[in-house]
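This is what each chain is made of:
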Amino acid sequence: MPSETPFQINIPDEKLRILRAKLELATFPDELQDIGWRHGAPLEDMKRLVERWKNGYDWRKYEKELNQELPMFTRDIDVDGFGALNIHYVHKKSETVDAIPLLFCHGWPGSFIEIRGMLPLLTASSPKHPSFHVVALSLPGFGFSEGAHKPGFGLDQYAEVAHKLMISLGYNEYVTQGGDWGFVVTRRMAAKYGGKHVKAWHTNFPMADPPTWKSPLSFLSYLLTPYSAEEKAGFERTAHSPTVLPIALLLCLLGFMKNWLPGPTTTNGLMTKIFIYWFSRAGPGAAHRIYSEVYSDFYDIGRTSYPTVPLGASYYPKELLVFPSAWFRRVNNVVIEFHHKTGGHFSASERPEELVEDVRKMFAKGGPAFAIVPGKSGYA
């Protein structure tokens, strides 16, 4: 089994210089009067953020913080038919020997840094709640993980990478948590490796198809039950297309923050997210390949394989899409669910305390998934 190598982020000065030169050469279009956000991010906001990016944001400061806060490593993972990929991940063990192994899986436009706020909470030891050994990988092509070098790298391969990473770390039985693409990947893991390896899973992005006539009672309920205000708002929200030019990348992510966050995000937080993508190992556009390679699988949200292992779900009112929880329960073994009054798509980073509390309750003493990993109750 290949050994792990400690990893530190260290972007070369030359790459920083080239980025600054690109920003200096930027030209901006004009803008219609009083257009607001109807055509995307307002011009004034874009100019302000680009100026901050050039002259007010100290990447080295935040690079140092990430290196100090997150114990990072890389390891080669052999993927059937695709050879070995060098995978980047965060790995922090709890002081509780019987802590529960947990894989955290991000999505787009997220990254491994979404675990920052959750990591000290999940690994904390206490007689009042379970503790976890946490692994947060960068999906292939994201962040500092190597991407696939030939087409056909689909959802099964993303699931295989994540599963083999856990096995390589000695976690033969484990649980998962994920949102966005992390939901899709961990759902496939629960379907493929559930029971023997994946013992339970939790998501903050519960997606499901509506019932059909093939299930008459569920279909009738679907037709007669009105949507809640949160569900209606979720159906109305839309997404933007990603791009790879530095200011276009900023524009894209700013649009996502505006549509998917219930409140303002910090400028420095947004800049750090952008830097992770811009300086990703496989290039700023590599992460987008998941949309073309896995597109059909993304919308196969329970049509061909139904995970049977216990599942917990957290609902947030400002999520990209808010599906009726009955749809989700119909095709999954939902053992616990949480409905929050605030929060949106990036709950791991914007509401880490709430999300961790949901996960703790699922695996706590008296919870529906307590001691589901043999010999790993989460308590001392």
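All figures in this text were calculated on a predicted structure; none of them were measured in a lab.

## Quick word on the overall build of the protein chain
Helix and strand counts for the protein chain stand at 15 helices and 9 strands. Of all 380 residues assigned to the protein chain, the portion counted as buried reaches 56%. Taken as a whole, the protein chain presents about 16900 Å² of accessible surface, with 54% of it coming from carbon and sulfur.

## Some words on unusual backbone geometry
Cis geometry is found at the peptide bond from W108 to P109, where omega equals 5 degrees. The backbone of D180 sits at a positive phi, close to 55 degrees, despite the residue not being glycine. Its identity is not glycine, yet A371 carries a phi of approximately 55 degrees, on the positive side. Positionally, A371 belongs in the segment after helix 15 (352-363). Taking the relative accessible area as the measure of exposure, A371 reaches 37% and is therefore partly exposed.

## Brief notes about the sheet that holds strand 4 (residues 100-105)
Read across the sheet, 9 strands follow the order 1-2-3-5-4-6-7-8-9 without closing on themselves; strand pairing throughout is mixed. Every interior strand has two partners, whereas the edge strands, strand 1 (5-7) and strand 9 (334-339), have only one. The average undirected angle you get between the axes of adjacent strands in this sheet is 25 degrees. In terms of strand pairing, strand 1 meets strand 2 (residues 72-79) through 3 bridges, oriented antiparallel. Directly across from F7, in strand 2, lies its bridge partner M72. Against the sheet, helix 15 touches strand 4, strand 5 (132-137), strand 6 (174-178), strand 7 (198-203), strand 8 (311-315) and strand 9, its axis set at about 145 degrees to strand 7.

## Observations concerning the pattern of salt bridges
By the definition in use, this model includes 18 salt bridges. Two residues, R60 and D13, come together in a salt bridge whose shortest N-O distance is 2.6 Å. Placement of the pair is R60 in helix 3 (residues 59-69) and D13 in helix 1 (residues 13-24), with a sequence separation of 47 residues. Via salt bridges that share partners, R20, E24, E51 and K54 belong to a single interconnected network.

## Overview of the environment of V135
Tracing the backbone shows V135 in strand 5. As for V135 and L103, which are separated by 32 residues in sequence, their C-alpha atoms are 4.9 Å apart. Excluding residues that lie within four positions of it along the chain, V135 makes contacts with Y89, V90, H91, L102, L103, F104, L165, M166, L169 and Y171.

## Let's talk about the packing of helix 5 (residues 155-168) against helix 6 (residues 181-193)
Running from N to C, helix 5 and helix 6 cross one another at 80 degrees; their axes reach a closest spacing of 9 Å. Considering the angle they form, helix 5 stands roughly perpendicular to helix 6. Residues L155, D156, Y158, A159, E160, A162 and H163 of helix 5 form the contact with helix 6, whose participating residues are V184, V185, R188, M189, K192 and Y193. Partitioning the contact of helix 5 with helix 6 into residue classes produces 8 nonpolar, 1 polar and 4 charged.

## Here's the deal with the packing of helix 1 against helix 2 (residues 43-55)
It is at 10 Å that the axes of helix 1 and helix 2 come closest, and there the two elements cross at 150 degrees. On the basis of their axis angle, the class for helix 1 and helix 2 is roughly antiparallel. Of the two possible hands of crossing, helix 1 and helix 2 adopt the one that is left-handed. For the pair helix 1 and helix 2, the contacting residues are L19, R20, L23 and E24 in the first and V50, W53, K54 and N55 in the second. In terms of residue class, the contact of helix 1 with helix 2 is made up of 4 nonpolar, 1 polar and 3 charged.

Rules used throughout
- Residues numbered from 1 in each chain as written.
- Predicted model: local features only at pLDDT ≥ 70, side-chain atom pairs only at ≥ 80, totals over all residues.
- Heavy atoms only, no water.
- Helix = DSSP H or I, 4+ residues; strand = E, 2+ residues; numbered from the N terminus.
- Buried < 20%, exposed > 50% of the residue type's maximum accessible area, 1.4 Å probe, protein only.
- Areas by Shrake-Rupley, 256 points an atom, 1.4 Å probe, with all protein chains shown as cover.
- Pairing = 2+ DSSP bridges.
- Axes fitted to C-alpha atoms, helices over the stretch in contact; angles between N-to-C directions.
- Contact = heavy atoms within 4.5 Å.
- Salt bridge = Lys/Arg side-chain N within 4 Å of Asp/Glu carboxyl O.
- Parallel < 35°, antiparallel > 145°, perpendicular 65-115°, else oblique.
- Nonpolar A, V, L, I, M, F, W, Y, C, P; charged D, E, K, R; others polar.
- Left-handed = near helix turned anticlockwise from the far one by under 90°.

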